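# Working through the structure, step by step
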Amino acid sequence: MTVQVGAARERFSHGVAVVTGAAAGIGEGLARHLATLGMTVVVADVDTERARTVADDIVAGGGRAEPHTVDVADPESVEAMAAAVFDRHGSVELLVNNAGVETAGLMWEIDRERWRRLMQINVDGVFYCLRSFVPRMIAAGTPSCIANLSSVGGLNSVAVQSPYIVSKHAVLAMTECLHQDLSIVNAPIQVSAVIPHSIRSEIFRSAQREAPTANATANAVFAAMQRDNAEKGLDPLVAAEHMIEQIARGEFWIHSDDEMCIAAARHRGRQLLELDPPSDPRDMLTRMGISVE
């Protein structure tokens with residue numbers, strides 16, 4: 001694909017963007033950047049106060065934004081948001097399904113309620129948004145885009161975070177299927193699969209706070225990942241600018257860090273071609289300075 005410098009400035013200089021999980025982390029970075037381009041941004045999040053703070057700050061800076069409280073795990077909440085946005089604006093030019101949570105632990109030790117809640121947010125939440133927004137986007141008939149956030153964890157597997165990894169594989173598969181289904185009906189809707197690597201956020205700390213595990217290895221891994229994320233992760237605004245530019249160019253595969261994300265994809269490709277088993281996680285733990293009994 002031919003690279004067009006500044007494609008986002010042209011494509012996303014107007015219209016409405018809905019970003020779920022937009023009150024913090026990657027979602028907040030995406031919301032703020034889209035507003036600087038000229039879009040009206042719906043800052044959608046379960047955290048009402050934080051969503052309002054982000055939206056108010058965007059408006060104070062000269063942008064256009066409005067907060068919307070939504071629990072993506074609740075289909076009625078999502079449907080109400082879609083109805084409200086279309087009633088108010090008539091169209092949505094960009095839907096970013098970003099809301100997601102993490103959790104730590106060995107698979108058989110994961111609390112059933114935590115597993116269910118994570119899947120409801122990370123997987124069902126994307127489906128509910130697609131089910132509520134896509135028919136309205138098709139009916140509006142305006143060229144638009146849907147970007148679903150998977151992860152490098154959606155390309156490979158990682159120990160002690162199985163619920164998240166499973167969910168991100170599911171999101172990636174859902175995104176590929178959506179791309180094909182929309183092609184069948186010839187809808188003017190671009191689909192993009194976003195594969196972030198490490199973007200600064202509180203996702204690992206939040207996981208330990210909301211669903212603590214007694215597994216020492218899992219706690220050590222998440223502590224190391226949070227520390228690495230804080231020290232080396234991309235600034236959310238910098239990552240957002242890079243990813244939105246790729247979306248604006250019409251690409252399907254969207255990376256926050258081209259080198260790291262492409263390496264992850266190639267690693268997965270080699271594994272499948274050679275029919276290799278998953279890598280031994282103890283090698284990774286050793287590199288992280290974590291010992292396993």
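If you're wondering where the values come from, they're calculated on a predicted model, not measured in any experiment. (Residues numbered from 1 in each chain as written. Predicted model: local features only at pLDDT ≥ 70, side-chain atom pairs only at ≥ 80, totals over all residues. Heavy atoms only, no water.)

## A closer look at a nonpolar patch on the surface
Nonpolar side chains collect at one region of the surface, where Met107, Trp108, Trp115 and Val166 lie side by side and expose about 460 Å² of accessible area between them. The topology assignment puts Trp108 in the loop between strand E4 (94-97) and helix H5 (112-140). Given the relative accessible area of 68%, Trp108 is considered exposed. (Patch = residues over 30% accessible without salt bridge, like charges linked within 9 Å, V, L, I, M, F, W, Y side chains within 5 Å. Areas by Shrake-Rupley, 256 points an atom, 1.4 Å probe, with all protein chains shown as cover. Salt bridge = Lys/Arg side-chain N within 4 Å of Asp/Glu carboxyl O. Helix = DSSP H or I, 4+ residues; strand = E, 2+ residues; numbered from the N terminus. Buried < 20%, exposed > 50% of the residue type's maximum accessible area, 1.4 Å probe, protein only.)

## Considering the packing of H5 against helix H6 (residues 162-184)
Close contact between H5 and H6 brings their axes to 9 Å; oriented N to C, the two are set at 15 degrees. With respect to H6, the element H5 is oriented roughly parallel. Crossing hand, H5 versus H6: right-handed. Contacts from Trp115, Leu118, Met119, Asn122, Val123, Val126, Phe127, Leu130, Val134 and Ile138 of H5 reach H6 at Ser162, Pro163, Tyr164, Val166, Ser167, Lys168, Ala170, Val171, Met174, Leu178 and Leu182. (Axes fitted to C-alpha atoms, helices over the stretch in contact; angles between N-to-C directions. Parallel < 35°, antiparallel > 145°, perpendicular 65-115°, else oblique. Left-handed = near helix turned anticlockwise from the far one by under 90°. Contact = heavy atoms within 4.5 Å.)

## Some remarks on unusual backbone geometry
Despite not being glycine, Asn186 shows a phi value in the positive range, around 55 degrees. Tracing the chain through its elements places Asn186 in the loop between H6 and strand E6 (189-195). The class of Asn186 is exposed, set by a relative accessible area of 68%. Backbone geometry at Leu275 places phi at a positive 55 degrees, although glycine is not the residue there. For Leu275, the location among the structural elements is in the loop between helix H10 (258-274) and helix H11 (281-287).

## Brief notes about the nonpolar core
Within the largest apolar cluster, 42 residues are counted, with the highest numbers of intra-cluster contacts made by Val18, Val92, Phe133 and Ile146. Broken down by secondary-structure element, the contributors of at least two residues to this core are strand E1 (16-20), strand E2 (40-45), helix H4 (75-89), H5, H6, E6 and H10. Considering every element that reaches this core, the biggest residue donor is H5, with ten residues. One finds Ala51, Ala55, Leu94 and Met243 within the second-largest nonpolar core, a separate group that totals 35 residues. (Core = buried A, V, L, I, M, F, W, Y, C linked by side-chain atoms within 4.5 Å.)

## Comments concerning the layout of surface pockets
The computed volume of the second largest pocket comes to approximately 170 Å³. Looking at the second largest pocket, the residues that line it are Phe127, Leu130, Arg131, Val134, Pro135, Ile138, Met174, Cys177, Leu178 and Asp181. Taken together, the elements giving at least two residues each to the lining of the second largest pocket come down to H5 and H6. For the lining of the second largest pocket, the leading source of residues is H5, giving six residues. (1 Å grid on protein atoms, 1.4 Å probe; cavity = no way out; pocket = protein on both sides within 12 Å on 5 of 7 lines; lining within 4 Å. Points joined across faces, edges and corners; volume = space filled by probe spheres on them.)

## A few points about the state of the cysteines
Here, disulfide denotes a covalent bond that connects the sulfur atoms of two cysteines. A complete count under the given rule lists zero disulfides for this structure. The closest cysteine sulfur to the non-disulfide-bonded Cys145 is located on Cys129, 14 Å from its own sulfur. With no disulfide of its own, Cys177 lies closest to Cys145 among cysteine sulfurs, the gap being 17 Å. Cys177 sits in the partly exposed class, given a relative accessible area of 42%. (Disulfide = S-S within 2.5 Å.)

## A closer look at the confidence of the model for the protein chain
Here the protein chain averages 92 in pLDDT, and 97% of its residues register 70 or above. Segment residues 1-5 is flagged for pLDDT under 50; beyond a separation of four residues in sequence, or across chains, it makes eight contacts in the model. (pLDDT = per-residue confidence, 0-100.)

## Quick word on helix H3 (residues 48-60)
Taking 1.5 Å as the rise per residue, H3 with 13 residues should run 18 Å; its terminal C-alpha atoms sit 18 Å apart, in good agreement. Elements that come into contact with the buried residues of H3 comprise helix H2 (25-37), E2 and strand E3 (64-69). After H3 finishes, the residue Gly62 shows a positive phi value of roughly 100 degrees. (Expected span 1.5 Å × (residues − 1).)

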